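Letter by letter, the chains look like this.
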There are 2 protein chains.
Amino acid sequence: MTEHTVTSYDEELKSLAIKLTQMGGHAEKILNDSIVALKTHDKDLAVRTIEADETIDVLEAEVEEQAVLMIAKRQPMAVDLREIVGAIKISSDLERIGDLAKNIAKRAVAVQAEMDAQKSIVAIDHMSRLAAGQLKDVLDAYSQRDLAKALDVWKRDSDIDAMYTSVFRELLTYMMEDPRNITFSTHLLFAAKNIERIGDHATNIAETINYLVTGEPLHDPRPKEDISSFTPSDYAQTDD
Amino acid sequence: MTEHTVTSYDEELKSLAIKLTQMGGHAEKILNDSIVALKTHDKDLAVRTIEADETIDVLEAEVEEQAVLMIAKRQPMAVDLREIVGAIKISSDLERIGDLAKNIAKRAVAVQAEMDAQKSIVAIDHMSRLAAGQLKDVLDAYSQRDLAKALDVWKRDSDIDAMYTSVFRELLTYMMEDPRNITFSTHLLFAAKNIERIGDHATNIAETINYLVTGEPLHDPRPKEDISSFTPSDYAQTDD
């Protein structure tokens, strides 16, 4: 059934897409607010941001339930099946992005008394803007089914990785300069790592868009997956 | 269709379960080997371990593809649908466990020249044994549909969290004692965090088993989810 026999199928697909857009909007906001909380030492904002992540979790459960029911009821094939499976994958990445951003908000409370952290937070702020831009672009690419835009996000992930490596080294330097910098630097190290992983999830979404549009997985390994030439800080870059 | 009309449906379910068992076996081995590589500074073992993760990724893709085709073809309802959706969720957790263990193997290369790291590695080794035990028990609980055993894994996750907090503090102390300890301690900090997250994924699998057996999600929040009483090191514990 390549032609849908009932319009409500398209409505169901649309409703899935709307939920993903909502999840993406919440994820962007949580990431942004967690960095603001980090910069301004705003504990109340941090706590509100931690609590806001719940909304994403609820939406993910709804997407998953609806998607599975659609597959069971409609028996979609080929491109339709890809659409639904793609929605499940994207919602899972968005849920992880929400978790990672929430974890930054938790750390915002831990480092709030440390004014010396300000300089590293500037670099992390910059990293988070890159990641937020990637997230925004990949969600636009999804709603427009824009493969070129998705591949552009996919390629730009190396910018975030490069910045992570630089922040990682900078934080290590602060720790070595003064033991009093170690505790907050450690939290900022994990915050930077979370942003790097948010970038990875944006890249996953780009790969899902490629699969939706072409029906084929992306075969090129991303450059950072090359394990033959890694330096110690490279090891810190990726969980993949 | 509560009674399966053809035996091949059960065979398909069995084939899914076999793939999950294989994934679990590989994940246990990668976790174990990554810690051995860390302890013995064995770069060759680390590289082999990094490469071995690929097998898990391939199996996850197979589980996902087979599960989606089963849903589309069989239109399973109720308990049958839960079985298939559960298999997708568990394979996703096992794939993440493989990634996290692989990342420890990458760090094993980075810290190999640092003999001073040995003492912290002992604590991380201990943590990894707890996590490997949780993984083994939750996979047994899955194959036996043993809800009590799954809930036991779920409850014991707090042991790994407590040990993570202790390792986190210990590593911070080493860093403060001597700046030369900072680089390797940072890698070990991420390794410990990865093990803590492997424990979280074992807990996710326990929650999936509960859903498979009872049809209901687990509602009790785990103790560490309580954000009202957290101390700085608590922030470092969870991405959830």
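Let me sum up the structure you'll find in this document. In this text, all values refer to a predicted model and were calculated from it rather than measured experimentally. (Residues numbered from 1 in each chain as written. Chains lettered and ligands numbered in written order. Predicted model: local features only at pLDDT ≥ 70, side-chain atom pairs only at ≥ 80, totals over all residues. Heavy atoms only, no water.)

1. Thoughts on the side chain of Thr186(A)
Along the chain, Thr186(A) turns up in helix α6 (residues 182–214). Looking at Thr186(A), the relative accessible area reads 0%, which means it is buried. Excluding residues that lie within four positions of it along the chain, Thr186(A) makes contacts with Met175(A), Phe168(B), Leu172(B), Met175(B) and Leu189(B). (Helix = DSSP H or I, 4+ residues; strand = E, 2+ residues; numbered from the N terminus. Buried < 20%, exposed > 50% of the residue type's maximum accessible area, 1.4 Å probe, protein only. Contact = heavy atoms within 4.5 Å.)

2. Looking at the interface of chain B and chain A
On the chain A side, the residues contacting the 46 residues of chain B number 46 residues. Across the interface of chain B and chain A, roughly 4100 Å² is buried in total on both sides, 66% from carbon and sulfur atoms. Counting across the chain B and chain A interface gives two salt bridges. The salt bridge partner of Glu64(B) is Lys89(A), with a shortest N-O separation of 2.8 Å. Counting every contact that joins chain B to chain A gives two residue pairs in polar contact (both at pLDDT 80 or more). Listing elements by their share of the side of chain B that touches chain A, those giving two or more residues are α2 (43–74), α3 (78–110), α5 (147–177), α6 (182–214) and α7 (232–235) of chain B. With twelve residues, the top contributor of residues to the side of chain B that touches chain A is α3(B). Considered class by class, the residues forming the side of chain B that touches chain A number 25 nonpolar, seven polar and 14 charged. (Buried area = accessible area lost by both parts, 1.4 Å probe. Salt bridge = Lys/Arg side-chain N within 4 Å of Asp/Glu carboxyl O. Polar contact = N/O pair within 3.5 Å; in protein donor to acceptor, adjacent residues only side chain to side chain. Nonpolar A, V, L, I, M, F, W, Y, C, P; charged D, E, K, R; others polar.)

3. Looking at unusual backbone geometry
Here the phi dihedral of His41(A) falls at roughly 55 degrees; this positive angle occurs in a residue that is not glycine. Within the element layout of this structure, His41(A) appears in the loop between α1 (7–40) and α2 (43–74).

4. So, the pattern of salt bridges
Under the definition given, this model contains 29 salt bridges over all chains. Across the pair Lys73(A) and Glu12(A) runs a salt bridge whose closest N-O atoms are separated by 3.1 Å. In this pair, Lys73(A) is assigned in helix α2 and Glu12(A) in helix α1, connecting sequence segments 61 residues apart. Judged by its relative accessible area of 53%, Lys73(A) is exposed. Accessibility expressed as a relative area gives 16% for Glu12(A), which makes it buried. The salt bridge involving Asp137(B) is made with Arg156(B); its shortest N-O contact spans 2.9 Å. Of this pair, Asp137(B) sits in helix α4 (residues 118–144) while Arg156(B) sits in helix α5; the two residues are 19 residues apart in sequence, bridging distant segments of the chain. Several salt bridges share partner residues, and in doing so they unite Lys39(A), Asp125(A) and Arg129(A) into one network.

5. Some thoughts on the relation of the copies chain B and chain A
Overlay of chain B on chain A (RMSD 0.0 Å): rotation 180 degrees, translation along the axis 0.0 Å. The superposition operator between the copies reduces to a two-fold rotation axis. Looking at the rotation axis and the C-alpha trace of chain B, the residue lying nearest is Ala72(B), at 2.8 Å. Interface overlap between copies: 100% of the residues of chain B at the interface are likewise at the interface in chain A, consistent with a symmetric, same-surface contact. (Least-squares fit on C-alpha atoms with pLDDT ≥ 70 in both.)

6. Details of the nonpolar core
Looking at soluble globular proteins, one finds that nonpolar side chains tend to be buried together. In terms of nonpolar packing, the biggest core is built from 142 residues, with Leu94(A) and Leu94(B) touching the most fellow members. Setting aside residues no more than four positions away along its own chain, Leu94(B) makes contact with Leu20(B), Met23(B), Gly24(B), Ala27(B), Ile56(B), Leu135(B), Leu139(B) and Ile205(B). (Core = buried A, V, L, I, M, F, W, Y, C linked by side-chain atoms within 4.5 Å.)

7. Some points on the packing of helix α4 (residues 118–144) of chain A against α6(A)
Residue and element names in this part refer to chain A. Relative to each other, α4 and α6 sit at 15 degrees, their axes nearing to 9 Å. Judged by the inter-axis angle, α4 sits roughly parallel to α6. Seen along the crossing, α4 lies across α6 with a hand that is left-handed. Judged by residue contacts, Ser-120, Ile-121, Ile-124, Met-127, Ser-128, Ala-131, Gln-134, Leu-135, Val-138, Ala-141 and Tyr-142 of α4 engage Leu-188, Ala-192, Ile-195, Glu-196, Ile-198, Ala-202, Ile-205, Ala-206, Ile-209 and Leu-212 from α6. Taken together, the residues of the contact of α4 with α6 break down into 17 nonpolar, three polar and one charged. (Axes fitted to C-alpha atoms, helices over the stretch in contact; angles between N-to-C directions. Parallel < 35°, antiparallel > 145°, perpendicular 65-115°, else oblique. Left-handed = near helix turned anticlockwise from the far one by under 90°.)

8. A closer look at the packing of aromatic side chains
In this description, an aromatic ring pair is defined by two values, namely the gap between the centres and the angle between the planes. Within the structure shown, the criterion is met by three aromatic pairs over all chains. Positioned above the aromatic ring of Tyr142(A), the side-chain terminus of Arg145(A) is 4.5 Å from the ring centre. (Phe/Tyr/Trp six-rings, centres within 6.5 Å; stacked < 30°, edge-to-face > 60°. Lys NZ or Arg CZ within 6 Å of the ring centre and 35° of its normal.)

Taken by themselves, the reported measurements are silent on function.
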